[in-house]
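# What the coordinates show
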Amino acid sequence: MAMEFRSSSRRKQSFGSAITSILLLFFIHGAHSFYLPGVAPQDFEKGDELKVKVNKLTSIKTQLPYSYYSLPFCRPKKIVDSTENLGEVLRGDRIENAPYSFKMREAQMCNVLCRVTLDAKTAKAFKEKIDDEYRVNMILDNLPLVVPIERLDQGAASIVYQLGYHVGLKGQYEGSKEQKYFMHNHLAFTVRYHRDMQTDAARIVGFEVKPYSVKHEYEGQWSEKTRLTTCDPHTKRLVVSSATPQEVENKKEIIFTYDVDFQESEVKWASRWDAYLLMSDNQIHWFSIVNSLMIVLFLSGMVAMIMLRTLYRDISRYNELETQEEAQEETGWKLVHGDVFRPPANSDLLCVYVGTGVQCLGMVLVTMIFAMLGFLSPSNRGGLMTAMLLLWVFMGLFAGYASSRLYKLFKGTEWKRIAFRTAFLFPAVVSAIFFVLNALIWGQKSSGAVPFGTMFALIFLWFGISVPLVFVGAYIGFKKPPLDDPVKTNKIPRQIPEQAWYMNPIFSILIGGILPFGAVFIELFFILTSIWLNQFYYIFGFLFLVFVILMVTCAEITIVLCYFQLCSEDYLWWWRSYLTSGSSALYLFLYAAFYFFTKLQITKLVSAMLYFGYMLIASYAFFVLTGTIGFYACLWFTRLIYSSVKID
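To keep things clear, this report deals only with the structure shown in the data block.

Cut-offs used in this document
- Residues numbered from 1 in each chain as written.
- Predicted model: local features only at pLDDT ≥ 70, side-chain atom pairs only at ≥ 80, totals over all residues.
- Heavy atoms only, no water.
- Salt bridge = Lys/Arg side-chain N within 4 Å of Asp/Glu carboxyl O.
- Helix = DSSP H or I, 4+ residues; strand = E, 2+ residues; numbered from the N terminus.
- Buried < 20%, exposed > 50% of the residue type's maximum accessible area, 1.4 Å probe, protein only.
- Phe/Tyr/Trp six-rings, centres within 6.5 Å; stacked < 30°, edge-to-face > 60°.
- Lys NZ or Arg CZ within 6 Å of the ring centre and 35° of its normal.
- Core = buried A, V, L, I, M, F, W, Y, C linked by side-chain atoms within 4.5 Å.
- Domains from an automatic or database assignment.
- Disulfide = S-S within 2.5 Å.
- Axes fitted to C-alpha atoms, helices over the stretch in contact; angles between N-to-C directions.
- Parallel < 35°, antiparallel > 145°, perpendicular 65-115°, else oblique.
- Left-handed = near helix turned anticlockwise from the far one by under 90°.
- Contact = heavy atoms within 4.5 Å.
- Patch = residues over 30% accessible without salt bridge, like charges linked within 9 Å, V, L, I, M, F, W, Y side chains within 5 Å.
- Areas by Shrake-Rupley, 256 points an atom, 1.4 Å probe, with all protein chains shown as cover.
- Nonpolar A, V, L, I, M, F, W, Y, C, P; charged D, E, K, R; others polar.
- Pairing = 2+ DSSP bridges.

Evaluation of the coordinates by the stated rule reveals 21 salt bridges. A salt bridge links Asp 43 to Arg 203; the shortest N-O distance between them is 2.7 Å. Linking Asp 43 in the loop between helix H2 (30–33) and strand E1 (49–50) with Arg 203 in strand E14 (residues 202–212), this pair joins segments that are 160 residues apart in sequence. By relative accessible area, Asp 43 is classed as partly exposed at 43%. By relative accessible area, Arg 203 is classed as partly exposed at 24%. Note that Glu 264 and Arg 195 form a salt bridge whose closest N and O atoms lie 3.6 Å from each other. You can see Glu 264 sitting in strand E15 (residues 253–264) and its partner Arg 195 sitting in strand E13 (residues 186–195), a full 69 residues away along the chain. For Glu 264, a relative accessible area of 38% puts it in the partly exposed group.

Here you go:
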């Protein structure tokens with residue numbers, strides 16, 4: 001399985017400097033981002049010390065990260081935390097120093113790290129992590145540790161990389177049916193480097209490991225100078241297999257050892273992430289995306305053609321009506337011109353949701369543009385999440401502006417109330433779900449639980465920056481002159497005739513969501529895989545293309561269904577246009593449930609609740625985003641057609 005590395009930064013920073021560093025990264029040091037992975041290279045002379053760091057333990061079965069030292073591994077004299085950025089903390093990253101000692105281009109064999117005697121509690125902890133298939137993650141020169149795995153691909157052997165090595169494995173001794181637990185206690189590291197022929201300095205371009213389970217043996221009493229008989233550099237006895245594995249049981253002694261080998265590589269520092277980024281299912285991915293694009297473009301072309309022909313004929317016919325008799329025989333969308341711009345029920349709530357949708361749209365667009373330009377490279381761990389949070393906060397200005405502009409269109413006067421609801425409704429719902437999920441993670445003693453300090457930082461971003469910006473945007477929007485309706489609204493609402501079964505609001509709303517979901521569901525598979533199965537996703541160019549097609553599809557399907565609705569003399573289009581494209585979020589959540597039962601191996605209730613909780617937040621955001629796109633398309637369409645006909 002090819003692994004994924006979601007965003008992280010070489011130089012970690014505290015929240016206090018997060019905003020400054022992100023802005024610097026984006027605007028001042030932008031040039032570095034094209035020099036993937038986004039930080040300056042470090043040269044090492046022969047014999048220089050290399051600092052190995054440990055990160056969280058991860059499992060795709062539980063989705064709950066744990067700190068490396070939550071298990072009784074060998075520890076350095078003093079554990080030093082690397083300061084993480086906001087995104088890293090939210091992802092559960094806990095980067096700390098490791099007891100491993102590497103010297104550049106100096107191979108080491110059978111280094112003894114420490115000896116640990118298990119008790120009942122520590123043996124149980126190791127067994128639980130082995131049961132849940134936890135992996136150990138490490139970092140060297142900002143490169144994640146990988147396990148190279150050979151696999152046959154169309155008859156030819158190829159190497160794919162698995163992020164991190166398993167804590168241990170389960171198995172049976174030959175001739176026995178009893179299941180035993182074995183610990184990976186010997187690590188054979190390979191550090192790949194690219195050497196400059198002129199200066200002889202080297203840069204690290206790869207960090208690999210092969211884990212082994214070995215029951216180490218020694219003669220006499222244990223001391224710091226004890227030489228192992230199972231792994232001894234003096235007798236050239238090396239660990240090359242797990243033939244005599246180390247069992248995990250109460251009162252068992254485990255000796256942790258490691259080898260370090262240095263191999264020169266032709267890979268240059270700027271290209272060192274290429275091997276990590278290779279998609280294992282490249283052809284399927286390309287074919288699926290192209291296939292999806294062709295279908296959606298074909299449908300879009302048909303929709304556009306039908307709309308242009310139908311509308312052109314309708315407007316021409318209406319403009320040619322001359323006699324009173326002909327005017328009395330009018331049917332269709334022109335008949336409801338006196339009611340089509342009548343403010344809807346719950347118009348305040350619609351304004352709030354439209355403003356929130358503009359905020360989401362701005363955040364997604366800017367994030368994708370930054371990602372496409374290489375600013376959010378995989379070496380910048382936590383960068384993607386930090387950027388999205390900060391952009392969400394600053395897009396509050398546009399949220400306030402959009403909601404107050406629409407509110408003024410509905411002849412509203414209390415703009416502060418709308419601004420308040422826009423600033424609080426969506427974040428409050430998301431925060432409530434997030435708080436419950438965080439309590440569940442905290443109950444599991446996982447490092448994924450957001451600490452109090454980070455919670456305070458998030459609340460500060462919301463109340464200290466986002467809320468004031470929403471009010472500023474609302475004030476600016478409300479002070480601008482309102483949009484004039486193309487036609488006057490009658491004082492008495494027109495009665496809506498009985499509708500055909502296929503124009504039933506629920507039916508047409510559910511039908512409207514299928515096409516936008518169809519535009520993204522293949523890409524959605526890869527995104528879900530990258531998040532929940534730790535596989536790498538880095539083709540933001542394709543994602544941006546799919547997102548553009550999603551916007552076009554949302555707009556077109558909403559316009560078509562809105563047109564049919566007006567033709568059947570139903571003028572209640574405001575909410576219907578929002579819900580039509582927004583209903584694609586329902587299909588997204590149903591697909592997430594399908595993915596859970598078919599692709600994931602999650603068995604724990606807490607992990608399942610985490611999955612569905614986070615997917616509920618994602619679906620809610622998708623609803624607000626797609627609904628707003630459909631609404632604005634429909635608003636533009638209705639204003640266009642009613643301003644194009646002669647109204648007596």
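With that out of the way, let us pick up the packing of aromatic side chains. According to the stated counting rule, one finds 49 aromatic pairs in the structure shown. Considering the side-chain rings of Phe 525 and Phe 526, the 5.5 Å spacing of their centres and the 80° angle between planes classify their relative orientation as edge-to-face. Aromatic rings pair up to connect Tyr 353, Trp 392, Phe 426, Trp 575, Tyr 578, Tyr 620 and Phe 623 into one cluster. A cation sits over an aromatic face here: Lys 129 above Tyr 66, 4.2 Å from the ring centre.

The next thing to look at is the nonpolar core. Membership of the largest hydrophobic core comes to 162 residues, with the highest contact counts inside it found for Tyr 100, Phe 102, Met 138 and Phe 189. Summarising the domain contributions, this core has at least three residues from each of domain 1 (48–277) and domain 2 (284–313 + 342–481 + 507–644). Counting 8 residues, the second-largest nonpolar core is a separate cluster that includes Cys 110, Tyr 212, Cys 231 and Ile 255.

Throughout this description, disulfide means a covalent bond between two cysteine sulfur atoms. All chains considered together, the criterion is met by 2 disulfides. Across the disulfide from Cys 74 sits Cys 114; the S-S distance is 1.9 Å. Measuring handedness by torsion sign, the sulfur bridge of Cys 74 and Cys 114 sits at about -80° and is left-handed. With Cys 74 in the loop between strand E2 (52–58) and helix H3 (86–91) and Cys 114 in strand E5 (residues 108–117), this pair connects stretches of sequence that are 40 residues apart. Neither residue differs from the other here; Cys 74 and Cys 114 are each classed as buried. Note that Cys 110 is cross-linked by a disulfide to Cys 231, the S-S spacing being 1.9 Å. Since a negative S-S torsion denotes a left-handed disulfide, the Cys 110-Cys 231 link at about -90° is left-handed. Linking Cys 110 in strand E5 with Cys 231 in the loop between E14 and E15, this pair joins segments that are 121 residues apart in sequence.

Attention now moves to the packing of helix H15 (residues 540–567) against helix H16 (residues 574–582). Where H15 contacts H16, the two axes come as close as 9 Å, and the packing angle between them is 135°. The angle between the axes of H15 and H16 places the two elements in the oblique class. As for the relative orientation of H15 and H16, their crossing is right-handed in sense. Contacts between H15 and H16 involve Cys 554, Thr 558, Leu 561 and Gln 565 from the first element and Arg 576, Ser 577, Thr 580 and Ser 581 from the second.

It is worth spelling out a nonpolar patch on the surface at this point. The grouping of Trp 501, Tyr 502, Phe 507, Ile 511 and Ile 514 at the surface amounts to a nonpolar patch, some 550 Å² of accessible area in total. With respect to the element layout, Ile 511 can be found in helix H13 (residues 505–512).

To continue, consider the packing of helix H8 (residues 347–372) against helix H9 (residues 383–394). Relative orientation of the contacting elements H8 and H9 amounts to 140°, with a least axis distance of 9 Å. The orientation of H8 relative to H9 falls into the category oblique. Viewed along their axes, H8 and H9 form a crossing whose handedness is right-handed. In contact with Thr 356, Gln 359, Cys 360, Met 363, Val 366, Thr 367 and Phe 370 of H8, H9 contributes Leu 384, Met 388, Leu 391 and Trp 392. Here the residues of the contact of H8 with H9 sort into 8 nonpolar, 3 polar and no charged.

This part takes up the pairing of strand E12 (residues 180–183). A two-sided burial pattern is seen for E12, the buried positions comprising Lys 180 and Phe 182 on one face and Tyr 181 and Met 183 on the other. As paired strands, strand E11 (residues 168–171) and E12 are joined by 4 bridges and run antiparallel to one another. Bridged to Lys 170 within E12 is Tyr 181.

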